[in-house]
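Next come the chains, spelled out residue by residue.
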Amino acid sequence: MSKERVHRFVSKDLTLRIAAVNASEVVKHMQSLQNTYPIASVAVGRSMVGALLMASQLKDGQMVGLLFRGNGALQSVYAEASFEGHVRGYTPNPQYQPPNYDNGLSLKEALGNGTLSVARHQPFQKQPFHGTVELVSGEIGQDIAHYLHQSHQIRSLVALGVYLDTNGKVETAGGVLIEVMPGVEESVVELIQKNYDEKKPNISKMLLDGAQPIDLVKPFMEGIEFEELPHDYPIEYYCPCTQERVIRALETLGEEELQDMITKKEDANVTCQICGKPYVVTVAEISSIKDRVHKESMH
Ligand SMILES: [Zn+2]
């Protein structure tokens, strides 16, 4: 298990809340599970970092899910994280390669035009809160900032980074989220913007040079006093998939395809695409799924 965690900070006057994380290990793990190529590694990696940062500002048992959907070749990117540091990410097109890399790793082109939907799951609440905004940049960080502003009236600065080596392997991943609370002095906001414009902090490069989460925050906060808050949850790649969910997925196949599987007398080997966990569904189980689907179709 990773010893990393999301670090939370607050400005002395309590008008800025800040989260920072080194998520290199969980993003590397996602890449090893899904064999993501550069564009997908950066897209899913940044989304996982963004979800971890946002989730750390929630409460016990709450989660945040980010779904980016676009008309580009990548189609969609999903990431989910809990307050307690569980995180997972996924794209249906992990091996997408652009025709060339002339524009570097441009997610804007790979995702295209589309939307960001954010789900916030609260305990004791069946329907999660959903908010959807148009993608403004497709580069993930700015889109999260746009969502926070549109849906929660929170101004923020979101800096996310994933660093790949020359073979496309994830070396570092991390980010900083600074949220501006009501009652802030405008001069403080201007100072953060000035720090950002002058220093252009490169998160993934700083991590490569050995920076700790607090070091990622410092360049943004120069001239502003802040302190760390306790938040002691180690981050971990975690997928809550179960046999039951696999069976529910099989129910969507339809009677004919299920009958095919029964005729072949072969157990179904199903792998969770998000975590790689293998499941076996026996012919007997497939038979009862088919009966269930059949009964439901008669209603
Ligand atoms: Zn899974």
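Every value quoted in this text rests on a predicted model; they were computed, and no experiment measured them.

1. A word on the overall build of the protein chain
- A count of helices and strands for the protein chain gives ten helices and 13 strands.
- Against the globule reference of 19 Å for 299 residues, the protein chain gives a C-alpha radius of gyration of 21 Å, in line with a compact fold.
- Overall size of the protein chain, expressed as C-alpha extent along the three principal axes, is 70 × 45 × 35 Å.
- Counting only residues that meet the buried cut, the protein chain has 50% of its 299 residues in that class.

2. Remarks on the coordination of the zinc ion
- Bound to the zinc ion are the protein donor atoms Cys239 (SG), Cys241 (SG), Cys272 (SG) and Cys275 (SG), situated 2.3 Å from the metal.
- Seen from the zinc ion, its four donor atoms lie at angles of 101 to 113°, and the figure they make is tetrahedral.
- Counting gaps between the donor residues of the zinc ion yields the pattern C-x1-C-x30-C-x2-C. Here Cys275 lies in the loop between strand E12 (268-271) and strand E13 (278-281) and Cys241 lies in the loop between strand E11 (236-237) and helix H8 (243-251), a separation of 34 residues in the sequence.
- Residue classification places Cys275 among the buried residues on the basis of a relative accessible area of 17%.

3. Details of the pattern of salt bridges
- A complete count under the given rule lists 14 salt bridges for this structure.
- Of the charged contacts, one joins Lys199 and Glu222 as a salt bridge, the two residues approaching to 3.2 Å between their closest N and O atoms. With a gap of 23 residues between them, Lys199 in helix H5 (residues 186-199) and Glu222 in the loop between helix H7 (213-217) and strand E10 (226-229) connect regions that are remote in the sequence.
- Between Asp215 and Lys218 there is a salt bridge; the shortest N-O distance is 3.7 Å.
- What emerges from the salt-bridge pattern is a single network uniting Arg5, Glu228 and Asp232.

4. A word on the sheet that holds strand E9 (residues 170-180)
- With antiparallel pairing, five strands are arranged side by side in an open sheet as E8-E9-E2-E1-E10. A single partner strand is all that each edge strand has here, and the edge strands are strand E8 (155-164) and E10. Between one strand and the next, the sheet's axes are offset by a mean angle of 20°, whatever the strand orientation.
- One ladder, built from four bridges, connects strand E1 (residues 7-11) with strand E2 (residues 16-22); its direction is antiparallel.

5. A short note on the sheet that holds E11
- On the basis of which strands lie adjacent, the open sheet formed by six strands has the order E7-E6-E3-E4-E5-E11 and mixed pairing. The strands lining the two open edges of the sheet, one partner per strand, are strand E7 (129-134) and E11.
- Inspection of the sheet shows strand E6 (residues 114-121) paired to E7 by six bridges, in the antiparallel sense. Bridging from a neighbouring strand, Arg120 pairs with Phe129 of E7.
- Each of strand E3 (63-70), strand E4 (76-82), strand E5 (86-90), E6 and E11 touches helix H2 (residues 38-55); the most contacted strand, E4, lies at about 30° to it.

6. A closer look at the nonpolar core
- Core analysis: the biggest nonpolar cluster contains 71 residues, and Val26, Met48, Met54, Leu66, Phe68, Leu116 and Ile144 have the highest contact counts within it.
- For this core, the element with the most residues is H2, which contributes twelve residues.
- Of all hydrophobic cores here, the second largest spans 23 residues; its members include Val180, Leu207, Leu216 and Phe226.

7. Looking at the domain arrangement of the protein chain
- Taken domain by domain, the protein chain comprises domain 1 (7-237) and domain 2 (243-298).
- Computed over C-alpha atoms, the centres of domain 1 and domain 2 are 36 Å apart.

8. Considering the packing of aromatic side chains
- Taken as a whole and judged by the stated rule, the model has three aromatic pairs.
- Aromatic side chains Phe9 and Phe226 sit 5.6 Å apart centroid to centroid with 80° between the ring planes, which places their arrangement in the edge-to-face category. With Phe9 in strand E1 and Phe226 in strand E10, this pair connects stretches of sequence that are 217 residues apart.
- Summarising the aromatic geometry, the rings of Tyr196 and Phe220 are spaced 6.0 Å apart at their centres and angled 15° between planes, so their arrangement reads as stacked. With Tyr196 in helix H5 and Phe220 in the loop between H7 and E10, this pair connects stretches of sequence that are 24 residues apart.
- Residue classification places Phe220 among the buried residues on the basis of a relative accessible area of 0%.

Here is what the cut-offs are and how they apply
Residues numbered from 1 in each chain as written. Predicted model: local features only at pLDDT ≥ 70, side-chain atom pairs only at ≥ 80, totals over all residues. Heavy atoms only, no water. Helix = DSSP H or I, 4+ residues; strand = E, 2+ residues; numbered from the N terminus. Rg over C-alpha atoms; globule rule 2.2 N^0.38 Å. Buried < 20%, exposed > 50% of the residue type's maximum accessible area, 1.4 Å probe, protein only. Donors = N, O, S within 2.8 Å, 3.2 Å for Na, K, Ca; no water. Tetrahedral: all angles 85-135°; square planar, octahedral: opposite > 155°, others 65-115°. Salt bridge = Lys/Arg side-chain N within 4 Å of Asp/Glu carboxyl O. Pairing = 2+ DSSP bridges. Axes fitted to C-alpha atoms, helices over the stretch in contact; angles between N-to-C directions. Contact = heavy atoms within 4.5 Å. Core = buried A, V, L, I, M, F, W, Y, C linked by side-chain atoms within 4.5 Å. Domains from an automatic or database assignment. Phe/Tyr/Trp six-rings, centres within 6.5 Å; stacked < 30°, edge-to-face > 60°.

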